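Chain by chain, the residues:
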Amino acid sequence: MSYPTPTTEPGGYPPHQDGYAAASHRRSTNGLAITSFVLGIAGFLVITIPVNLILGLVALVRTRRKGDKGTGLAVAGLVLSILWAVGLGIAVTQLAKSPEPKRDATGQINTTQKAGPDKLRVGDCIARSAGNEVTDVQAQPCSTPNSDKVFALFNLPAQAWPGNTAVQSQAQKGCTKRYQATHKRPGQVELTFFTPTKTRWAVGYHRVVCMAGASS
C-alpha cells in the first residue's frame, strides 16, 4: 500500500494546517523617548533639565529592553539637556564673576573702575558704551564728562525667551515710559539700555538697565 508524499515548506517542516496567518510585529515608538526629546528642546525652562536627564536614561533602558523605536530620540533629548546645562553653567559663572563696583560710605561710585551691568544701581554713572550686549562697563563718578546715568531698573516678564528683537523693543518702551514719567521736560538726551542675553535669560536674569546721557 502506498501513501502520498507530503509537501513540505523550506527547512523540511510540513505546511501550516491550522488556518492562522502569521502576524508581523510592528515596533512602536517609546513614549518616554518622545517626551525626552521634547523636553530637551525646551531646555530654556530650567526645571526640565534635571527631569529630562533622568527621563532620557529611563527611556534608553526601556527602548533597549522592549525593542521599541525611539533610542535616537532619547539620545538627542539627553544631548540637548546636557548642552543646556553647560550653557546655563557658563551664564551662572559669568553672573557670579561680574565685578561689583567699590562704593563709598554713601553708596556712591567715586573712582573709575570696571563693573558688571547687573551690579549697577539707580544713580550710578558709566562711560558711554557702543552697544547693549556687554560683559563689563566702566563705572565712574557722575561728574566725569560723557557719562550715562542709570535712572531706572526693571524686569521684563518671565516667559520663554522671546528673541533679541522683542527684548530690545520691550526694553526701549519700558525705559522711555519711565523717563517720561519723571522728566516733564526731557530736553536733549539720549536714552540707552542694557538687556539680558539669551543665556542669562535662561537662568532667570530679566533685568533692563536704563540710562540717560547728553545727546551727541
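Predicted, not measured: the structure shown is a model, and the values here were computed from it.

A.B. asks: Even after reading the chapter, I still don't get the confidence of the model for the protein, so can you show me in this structure?
C.D. replies: Atomic detail in the predicted coordinates should be set aside for any region of low pLDDT. Summarising the model, the protein shows a mean pLDDT of 75, and 62% of its residues fall at 70 or more. Here residues 5-9 is modelled with pLDDT under 50, and outside its nearest four sequence neighbours on either side it reaches eight contacts, counting other chains as well. Scored below 50 in pLDDT, residues 13-25 makes eight contacts in the model with residues more than four places away or belonging to other chains.

A.B. asks: It is not clear to me how the pairing of strand β6 (residues 207-214) should be interpreted in this structure. Could you clarify?
C.D. replies: Looking along a regular strand, one sees side chains alternate from face to face of the sheet. Counting buried positions along β6 gives six out of eight residues, so the element sits mostly inside the fold. In this sheet, β6 lies alongside strand β4 (residues 147-155) in antiparallel orientation, the contact comprising six bridges. In the strand pairing of β6, N155 is matched with R207. As judged from the six bridges shared by strand β5 (residues 189-194) and β6, these two strands associate in the antiparallel manner. Each residue of the ladder has a partner; that of E190, found in β6, is G213.

A.B. asks: What is the right way to read the sheet that holds β4 from this model?
C.D. replies: Through backbone hydrogen bonds, the strands of a sheet pair up, either in parallel or in antiparallel fashion. The strand order across the open sheet built from six strands is β1-β3-β2-β4-β6-β5, with neighbouring strands paired in antiparallel fashion. The open sheet terminates on both sides in strands that have one partner only, identified here as β1 (113-115) and β5. The average undirected angle you get between the axes of adjacent strands in this sheet is 45 degrees. Where strand β2 (residues 125-127) meets strand β3 (residues 137-140), two bridges bridge the pair, whose relative direction is antiparallel. Each residue of the ladder has a partner; that of I126, found in β3, is A139. Along the sheet, helix α4 (residues 164-182) contacts β4, β5 and β6; its crossing angle with β4, the most-contacted strand, is approximately 110 degrees.

A.B. asks: Help me understand the pattern of salt bridges in this model?
C.D. replies: Here the structure, examined in full by the defined rule, presents three salt bridges. With its nearest N and O atoms 2.8 Å apart, the salt bridge here joins K119 to D118. We classify K119 as buried; its relative accessible area is 18%. For the salt bridge of R200 with D118, the shortest nitrogen-to-oxygen distance reads 3.6 Å.

A.B. asks: Explain the state of the cysteines here, please?
C.D. replies: Two cysteines joined by a covalent bond between their sulfur atoms form a disulfide. Tallied over the full model, the rule gives two disulfides. Bridging C125 to C142, the disulfide has an S-S length of 2.0 Å. Every disulfide takes its handedness from the sign of the S-S torsion; for C125 and C142 that torsion is 100 degrees, giving right-handed. A residue pair is termed long-range when its members are at least 10 positions apart, and C125 in strand β2 and C142 in the loop between β3 and β4 qualify at 17 residues. Owing to a relative accessible area of 2%, C125 belongs among the buried residues under this scheme. Each sulfur of the disulfide joining C175 and C210 lies 2.0 Å from the other. Where C175 bonds to C210 through sulfur, the torsion about that S-S bond is close to -80 degrees, and the disulfide is left-handed. Of this pair, C175 sits in helix α4 while C210 sits in strand β6, placing them 35 residues apart in sequence. Judged by relative accessible area, C210 falls into the buried class, the value being 0%. Listing the disulfide partners of the protein by sequence rank of the bonded cysteines yields 1-2, 3-4.

A.B. asks: Which parts of the structure should I look at to understand α4?
C.D. replies: Helix length check: α4 (19 residues) gives 27 Å between terminal C-alpha atoms against 27 Å at 1.5 Å per residue, within 8%. Looking at α4, one finds that the buried residues are V167, A171, G174, C175 and Y179. Projected onto a plane normal to the axis of α4, the buried residues spread over an arc of 125 degrees and lie on a single side. Counted as exposed and oriented over 90 degrees from the buried face of α4: T165, K173, K177 and A181.

A.B. asks: Help me understand the pairing of β3 in this model?
C.D. replies: Sheet analysis places β1 next to β3, joined by three bridges and oriented antiparallel. Bridge pairing links K114 to Q138 in β3.

How each quantity is defined
- Residues numbered from 1 in each chain as written.
- Predicted model: local features only at pLDDT ≥ 70, side-chain atom pairs only at ≥ 80, totals over all residues.
- Heavy atoms only, no water.
- pLDDT = per-residue confidence, 0-100.
- Contact = heavy atoms within 4.5 Å.
- Buried < 20%, exposed > 50% of the residue type's maximum accessible area, 1.4 Å probe, protein only.
- Helix = DSSP H or I, 4+ residues; strand = E, 2+ residues; numbered from the N terminus.
- Pairing = 2+ DSSP bridges.
- Axes fitted to C-alpha atoms, helices over the stretch in contact; angles between N-to-C directions.
- Salt bridge = Lys/Arg side-chain N within 4 Å of Asp/Glu carboxyl O.
- Disulfide = S-S within 2.5 Å.
- Expected span 1.5 Å × (residues − 1).
- Arc of directions from axis to C-beta.

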